[in-house]
Amino acid sequence: MRQRIITGVVAGAGFIGLTIVGGWLYTSLLVLLAIIGFTEYARMNGVAWSHPSSLLGYAGVLLFVLPWSDWGITIPSPLTILWVLAFLLLAITVITKNKTTIDGAALMLLGALYVGYGFSAMVEARQIEQHGLIWTFLAFGCIWASDIGAYFMGRAFGKTKLWPSISPNKTIEGALGGVLFSIIVSAVFALAIPGFIDLPKALLIGLVAAVAGQFGDLIQSAYKRVRDIKDTGTLLPGHGGVLDRCDSWLIVFPLLVLTELLPV
């Protein structure tokens, strides 16, 4: 627990600091996390980082997450990127005479989208022209509040298991506590920063972030059970890997962007 707390404080302080600074430092951090995250994903699926299907996955991740427009480079639409990536991955199944199966190709395509677009949405949020930093902290604040609320409310009042076959320690009471904490944080943002966001929209962001974030956590828990592993990696002692720590982020940010709750 001591190691977990120290790692959490140091890593959290560094992440918050770079988020405040923004610009290429923050973007570079997210690009690095995306690369490490996809490496963990490939390893979870028994695919070496140097395998052609993994290399295509890395290419997809980078096409999503790198700020190409900042460099004056126009790239294809996300749908085009996905189609070309799918075609190339399927082509590998033919070239390798099914040593790479269609299931393996589908897994790499899913990983590139899951990791690449997830971190890309975080980059987009920080680059919002008006109050990008505040929008980013609103989303992260709701995610972190949901995690804290679920943990402490679950410890204090948790009796009814939420989904024991996937995550045996989570309870319905804890999940509801997470939603409550997230909504409270979103309301604080709305009330503390006049003119930034109206209260109903802030409450909706809090609700969406909490529910989607908990689903993100459950998704990663379910996948780890399928692969029979405890953590996706060892980058953060006591916390696991990038996908362990960012599982909620990878669902919440894209959802807030796609629903236009974040004005990207």
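Predicted model only: the values in this text are computed from it and were never measured. (Residues numbered from 1 in each chain as written. Predicted model: local features only at pLDDT ≥ 70, side-chain atom pairs only at ≥ 80, totals over all residues. Heavy atoms only, no water.)

Asks: So what's going on with the overall build of the chain? Residues and values would help.
Replies: On a plain count of helices and strands, the chain comes out with ten helices and two strands. For the chain, the succession of helices and strands along the chain, N to C, is α-α-α-α-α-α-β-β-α-α-α-α. For the chain, the C-alpha atoms occupy an extent of roughly 60 × 45 × 30 Å along the three principal directions. Relative to its 264 residues, the chain shows a buried fraction of 45%. (Helix = DSSP H or I, 4+ residues; strand = E, 2+ residues; numbered from the N terminus. Buried < 20%, exposed > 50% of the residue type's maximum accessible area, 1.4 Å probe, protein only.)

Asks: Would you mind going over the nonpolar core in detail, with residue names and values included?
Replies: Of all hydrophobic cores here, the largest spans 63 residues; its most connected members are F119, M122 and F253. Among the elements that take part in this core, helix α5 (residues 102-126) stands out by supplying eleven residues, more than any other. Among all residues touching F119, those that are not within four sequence positions of it are L30, L33, A34, V65, V242, C246 and L250. (Core = buried A, V, L, I, M, F, W, Y, C linked by side-chain atoms within 4.5 Å. Contact = heavy atoms within 4.5 Å.)

Asks: Residues and numbers for the layout of surface pockets, please.
Replies: For the second largest pocket, the calculated volume is near 370 Å³. Broken down by secondary-structure element, the contributors of at least two residues to the lining of the second largest pocket are α3 (52-65), α4 (78-95) and α5. When its residues are assigned to classes, the lining of the second largest pocket shows 13 nonpolar, four polar and one charged. (1 Å grid on protein atoms, 1.4 Å probe; cavity = no way out; pocket = protein on both sides within 12 Å on 5 of 7 lines; lining within 4 Å. Points joined across faces, edges and corners; volume = space filled by probe spheres on them. Nonpolar A, V, L, I, M, F, W, Y, C, P; charged D, E, K, R; others polar.)

Asks: I'd like a description of the side chain of S167, backed by residues and values.
Replies: Within the secondary structure, S167 is located in strand β2 (residues 167-171). You can call S167 buried: its relative accessible area is 9%. In this structure, S167 is in contact with L218, S221 and R225, ignoring residues within four places of it in sequence.

Asks: Which residues make up the confidence of the model for the chain, and what values do they have?
Replies: Mean pLDDT over the chain: 94, with 98% of residues reaching 70 or higher. Taking the mean pLDDT of every element in the chain, the minimum, 85, falls on helix α1 (residues 2-21) and the maximum, 98, on helix α10 (residues 249-258). (pLDDT = per-residue confidence, 0-100.)

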